[in-house]
Amino acid sequence: MSKQITLTIDGKQVTVPAGTYVADAAKMSGIDVPVFCHHPKLEPVGMCRMCLVEIGRPMRDRSTGEYVMENGGPKIQFMPKLETACTNKVEEGMVILTESAKAMNGQKGTVEFLLTSHPLDCPVCDKGGECPLQNLTMAHGPGKSRFIYDEKLHLDKMVPLGELIYLDRERCIQCARCVRFQDEIAGDSVIGFDDRGRSMQIVSLSDPGFDSVFSGNTSDICPVGALTTADFRFGARPWELEAQASICTQCPVGCNTTLNTRREAKAGGNIVVKRVMPRQNEEVNEIWLCDKGRFAYHYAEGKTRLTKPQVRKDKKLARASWDAATKLAAEKFTQAKKNFVVLASGRLSNEDLFNLKTLSDHSKGKAYLYSHMGGGELTSLVGVGEGTNFADMGKGTAIVIVASNLYEEAPIWYLRVKQAAERGATLIVLNPRETKLDKYADHVVRYDYGDEVKSVQDFSKKSKISDAFTKASNAVILYGSEGLGVGGSASLATACAKLLKDTDHIGKPNNGLIGVWGRANDQGAWEMGFQVEADLTKAFKGKTVYIVGADPVGDDPKLAKALEGAEFVAVQDVMETATTGIAHVVLPAQAFTEREGTFTSGERRVQRFYQAVPVTGEAKPDFGITSQIARNMGVILEGTSVSAVFDILVESVKSFEGLNYAKLAEVRAQWPIVGRSDLYYGGTTYENTQGMGVHLSTAAMRGEKLSIPRVQKEASPRPKENELLAVPVTKLYDRGTTVAPAELLDQRVGELNISLHPDAAQEMGVEAGQTVNVSFNGVSGEAAVKFDATVPVGVALIPRSMGIAIREPVAVRMKYVA
Amino acid sequence: MSVFEPVIELVRGLGTTIKMMFEKPVTFQYPEQKREVRPRFRGRHVLKRYDNGLEKCIGCSLCAAACPADAIFVESSENTDEKRFSPGERYASTYEINMLRCIYCGYCEDACPTEAIVLGDNYELSFYDRRSAIYTKESLLEPVPTVDMTTPRKVEPNVYKRSVPEMKDPQK
């Protein structure tokens, strides 16, 4: 523990760690020092001058260095002028006066001065009602200004910094919180200050504007209404919003969110989600949220929602009752016996997946997870468990990122890993091309696509990098699927697991394997015992298929063809998809906003989400639908209470042992304080009152015998002459079902591009922006070529979920299309 | 008690009746005749316009926040110079008052930063069903003086930039 320092603030004895700033020390002891520019997560700058206080220090004799004593204690010498509490670190014996007449006069003057050019258009401001400037003006302001109204500067009201964030130049008080957030925390220096004095303004330095995936956070920490989001623009007043805790479903990080809902006339009088705000969980997402999580929530309210069960009659889907639909499905599932196949997606909750797995086990069928990534059984064995927190990683911890571009795949992990590296953790990045994390890495290893396993196995040889890893007291490996299919990523996971086991980096907090999955609850599916199948076309043939939450037909023409050969297809989903179009039975499920449940994050943390909006139509929760079908098959599964399903799950899945809904809803005190009346301090991030989640245990932690299979070397495809090696990569904003309905993100999603090295493209005679035709294994598609010098020559990067169905690395023919 | 006493009382009573016959009647022949209300009467709300026809309401929802009966519902949207409803960036795209809930306290008037909502002199509020008790923006808005002043309308760009009018110091 660091050195503790005792000081006096407003007559109250306070003990805080050395190095704390006075403003933070005051906050820790429950005393409010008003601040605008200071933020506990950012370095201090002292720009706004709001935190002026009187600071006295014990006087020392100049010749002896001893304290000068007075009335039995050290004599306190106050500075003649006020000092900023946010830039002064605490010292032993300091005396702080935050509410003396002098200090209050200073604060009053600062507010008056800050308001000289503020438009005071609070009635139309999106921040009005949760605005630090409003609150602090009420608390510390003079009430009346001596400045002349006509001397106010009238600046531009709506300046888009990008298409997501708008700047109101008049409202800005130049605190630089946003600029500092981008520089220090996000590491994307894409906004900055321009001009000086009263005309100083924030400008975007990138093209497209404000090109960062963390841009939404700047509007949370903006102490005024200068930065607002395009999504929530004039959406509602903050006090009219209801708040309900939820979990982001966009990636495996499992960011804690709060859904703000309101009844809306535009939506026909329904209660709808108006905005998604981060909810504090210092062990998961701190107080941040990426733009995908913040803006891509519209899919659940789309017009293509399924509202009623449907049954195919005379080649057409016709409305049916729940009874009829589930009875038909049950009848077919019973007939299928061993030929019953469940295909579930990681969008489902733990409870849904558990019921599905139980049903498939009962019919002795197969349960597949719809994912492009394998190796999940290993994360249950040697994954991370209790006590793991990126915030605790620093000196002595090695973090290995292999085959993953975290910035695109799991932005908040990127942020947390970056910060761990800055605290002194050894960051080793293994990737075939440059990623944003390279800048912060101690060691960067480039390997050729296809050599992922070898690059991990090289750790067993002696080298500077392997030494750094082996000798580290803690080590985590995050593995992804950059350029890999199911088989490749499974082999990579095995190699990583073996390395962790050999170096004894398992079964302890902050040690283990983390999968950078494609969906929010892939880890949960693995825990339930789901498997992935590299070749689903074979798995479908002649089978009775129960597809839940996935759209294989829309994703891949080959799978569409394979499903034509299936005996019977039952589809259960939230929205109409291409797959529901070919189904024999369609069952409408509730979106995650309409129900309760739990997700397991990539860090193997089980977290609860709650119901925020009413149910659409006749939709039912997934676990309930499965239970209804099961009942008709003569199998009793819990289908009414989600917490009861969880209790049964806990009985049968070892890693969940000892958990229950009450435990998942427990909260602990967190620092910094956010929300409430303290929103001037930490920003408008919501306080966590509905649960921080609990880690699952790993087999390694439980002391079980671990059997890690031998690494299966996948034969990587060898491109012939005139062929290129095409590899799938993940793009943050893709055309996936959960992103596409968010129109605001259209520009970020963009068109399908194939990235090539300029040299390789030149050889083919293709210019940037020109269209090429790609064909492989019966799949073909057209896309524009993008030059990217970080791509190895001879390789073409094809983003997933953008139109070309690429599931694994393949040799492709590429033709220039005029 | 004298025998004449009841007779005297009767005549006195009749006298009052006869006196009243010659006085001006207080009864109004409603609805043919309507009573002039007092200056501070609080009747049905009116959404006011500026002289140029633009709506004063900017959709800030402060009236809804001040309303003790939760009778007001406001939803706002963004103005453009092509399609302008009110000065500034924001206007009320939905404005509803449930007259069955309203208690005519006038807090909405107090809360309004642009003096857009005013309790008027209309007291004729009767409905056949509950739904028609909800007054929409169209029914609450003051009529425009001339046809070219209707909202939304196209205005010259970059003129109507302020939502809240410049308020003069009342003490000066």
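Everything numeric here is computed off the predicted structure, so don't read it as measured data.

K.L.:
I tried to follow the overall build of chain B on my own but got confused; where do I start?
P.N.:
Scanning chain B from terminus to terminus reveals four helices and five strands. When the elements of chain B are put in sequence order from the N terminus, they spell out α-β-α-β-β-α-β-β-α. Whereas a compact globule of 172 residues would reach a radius of gyration of roughly 16 Å, chain B reaches 25 Å, over 25% beyond that. In terms of overall dimensions, chain B has a C-alpha envelope of 90 × 40 × 35 Å along the principal axes. Evaluated residue by residue, chain B yields a buried proportion of 24% over its 172 residues. Residue pairs in contact within chain B that sit at least 24 positions apart in sequence constitute 75% of those at least 6 positions apart.

K.L.:
Please explain the packing of helix α2 (residues 101-114) of chain A against helix α3 (residues 132-140) of chain A as it appears in this structure.
P.N.:
The packing of two helices is summarised by the inter-axis angle and the distance between the axes. Residues and elements named next belong to chain A. Here α2 crosses α3 at 135 degrees, and the two axes come no closer than 10 Å. Taken together, the axes of α2 and α3 lie oblique to each other. Handedness of the α2/α3 crossing: left-handed. Contact with α2, carried on its side by Gln107, Lys108 and Val111, involves Leu136, Thr137 and His140 of α3 and no other residues of that element. Considered class by class, the residues forming the contact of α2 with α3 number two nonpolar, three polar and one charged.

K.L.:
What is the right way to read the sheet that holds strand β2 (residues 72-78) of chain B from this model?
P.N.:
Within a sheet, adjacent strands bond to each other through the backbone by hydrogen bonds, running parallel or antiparallel. All names here are of chain B. Strand order across the open sheet formed by three strands is β2-β3-β5, with antiparallel pairing between neighbours. The sheet is open, and its two edges are formed by β2 and β5 (134-135), each paired on a single side. Two elements, β2 and strand β3 (residues 90-98), share seven bridges in a ladder whose sense is antiparallel. Its bridge partner lying in β3, Glu75 is registered against Thr94.

K.L.:
Could you clarify how one ought to interpret the domain arrangement of chain A in this entry?
P.N.:
One frequently used descriptor of interface size is the decrease in accessible area upon assembly of the parts. Residue and element names in this part refer to chain A. According to the domain assignment, chain A consists of domain 1 (4-114), domain 2 (151-301), domain 3 (376-516) and domain 4 (723-816). Distance from the C-alpha centre of domain 2 to the C-alpha centre of domain 3: 31 Å. Between domain 2 and domain 3, the contact holds 14 residues from the first and ten residues from the second. Its residues placed into classes, the side of domain 2 that touches domain 3 shows ten nonpolar, two polar and two charged.

K.L.:
I would appreciate a short explanation of the sheet that holds strand β24 (residues 474-479) of chain A in the present structure.
P.N.:
Residues and elements named next belong to chain A. Taken together, the five strands give an open sheet; going across it, the order is β23-β22-β21-β24-β25, and neighbouring strands pair in parallel fashion. Looking at which strands have only one partner, the edges of the open sheet turn out to be β23 (443-445) and β25 (512-515). Each strand of the sheet is rotated relative to its neighbour by a mean of 15 degrees, with strand direction disregarded. Direction of pairing for β24 relative to β25: parallel, over a ladder of four bridges. Bridge pairing in β25 places Ile477 opposite Leu513. Across the sheet, helix α11 (residues 411-422) is in contact with β21 (397-402), β22 (426-430) and β24; its angle to β21 comes to roughly 140 degrees.

K.L.:
Help me understand the interface of chain B and chain A, please; the structure alone is not making it clear to me.
P.N.:
Contacts between the two partners involve 18 residues from chain B and, on the opposite side, 14 residues from chain A. At the level of secondary structure, the elements contributing two or more residues to the side of chain B that touches chain A comprise α2 (62-66), β2 and β3 of chain B. Tallying contributions element by element places β2(B) first for the side of chain B that touches chain A, with four residues. When the residues that make up the side of chain B that touches chain A are grouped by side-chain class, the tally is six nonpolar, six polar and six charged.

K.L.:
Mind showing me how you'd approach the nonpolar core here?
P.N.:
Proteins that are soluble and globular tend to have nonpolar side chains buried together. All names here are of chain A. Counting residues in hydrophobic clusters, the biggest one holds 219 residues, and the most contacted among them are Ala344, Val417 and Cys496. For this core, the element with the highest residue contribution is helix α14 (residues 486-502), accounting for nine residues. For Cys496, the residues in contact, after removing those within four places along its chain, are Val402, Val456, Ile477, Tyr479 and Leu513. Counting 28 residues, the second-largest nonpolar core is a separate cluster that includes Ala726, Phe776, Val795 and Leu797.

K.L.:
What should I look at first to understand the environment of A:Ser655 in this one?
P.N.:
Residue and element names in this part refer to chain A. Tracing the chain through its elements places Ser655 in the loop between α21 (642-652) and α22 (661-664). The class of Ser655 is buried, set by 23 C-beta atoms lying within 10 Å. Separated by 87 residues in sequence, Ser655 and Ala742 have C-alpha atoms that sit 36 Å apart.

K.L.:
Help me out: how do you make sense of unusual backbone geometry in this one?
P.N.:
Backbone geometry follows two general trends: most residues other than glycine have a negative phi, and most peptide bonds adopt the trans configuration. A:Trp671 connects to A:Pro672 through a cis peptide bond whose omega is 0 degrees. Within the element layout of this structure, A:Pro672 appears in the loop between α22 and α23 (679-682). Cis geometry is found at the peptide bond from B:Tyr30 to B:Pro31, where omega equals 5 degrees. When you line up the elements, B:Pro31 lands in the loop between α1 (5-21) and β1 (45-47). Backbone geometry places A:Asn722, a non-glycine residue, at a positive phi of 65 degrees. Relative to the helices and strands, A:Asn722 resides in the loop between β31 (694-695) and β32 (723-729). In this structure A:Asn722 comes out as exposed when scored by C-beta crowding, with 10 C-beta atoms within 10 Å. One non-glycine residue, B:Glu115, lies in positive phi territory at about 55 degrees. Within the fold, B:Glu115 resides in the loop between α3 (107-111) and β4 (117-119). Residue classification places B:Glu115 among the exposed positions, given that 12 C-beta atoms sit within 10 Å.

K.L.:
How should the environment of B:Ser77 be read in this particular structure?
P.N.:
Within the fold, B:Ser77 resides in strand β2. By C-beta crowding, B:Ser77 is classed as partly exposed, having 18 other C-beta atoms within 10 Å. Ignoring sequence-local partners within four residues, the contact set of B:Ser77 consists of A:Phe234, B:Tyr91 and B:Ser93.

K.L.:
For this particular structure, what's the right way to read α21(A)?
P.N.:
For an α-helix, the turn length of 3.6 residues means that residues three or four places apart are oriented alike. All names here are of chain A. When we look at burial in α21, the residues that qualify are Val642, Val645, Phe646 and Leu649. Seen from one end, α21 has its buried residues packed into an arc of 100 degrees, which puts them on one side. Where α21 is buried, its residues touch α8 (350-362), β29 (597-600), α20 (622-632) and α22.

K.L.:
Even after reading the chapter, I still don't get α8(A), so can you show me in this structure?
P.N.:
Residues and elements named next belong to chain A. Taking 1.5 Å of rise per residue, 13 residues should cover 18 Å, and α8 covers 18 Å from first to last C-alpha, within 8% of that figure. Of all 13 residues in α8, eleven are buried; the element is thus mostly enclosed. Remark: Lys364 follows α8 within two positions and exhibits a positive phi of approximately 55 degrees.

Cut-offs and rules
- Residues numbered from 1 in each chain as written.
- Chains lettered and ligands numbered in written order.
- Predicted model: local features only at pLDDT ≥ 70, side-chain atom pairs only at ≥ 80, totals over all residues.
- Helix = DSSP H or I, 4+ residues; strand = E, 2+ residues; numbered from the N terminus.
- Rg over C-alpha atoms; globule rule 2.2 N^0.38 Å.
- Buried ≥ 20, exposed ≤ 12 C-beta atoms within 10 Å, placed from the backbone.
- Contact = placed C-beta atoms within 7 Å.
- Axes fitted to C-alpha atoms, helices over the stretch in contact; angles between N-to-C directions.
- Parallel < 35°, antiparallel > 145°, perpendicular 65-115°, else oblique.
- Left-handed = near helix turned anticlockwise from the far one by under 90°.
- Nonpolar A, V, L, I, M, F, W, Y, C, P; charged D, E, K, R; others polar.
- Pairing = 2+ DSSP bridges.
- Domains from an automatic or database assignment.
- Core = buried A, V, L, I, M, F, W, Y, C linked by C-beta atoms within 7 Å.
- Arc of directions from axis to C-beta.
- Expected span 1.5 Å × (residues − 1).

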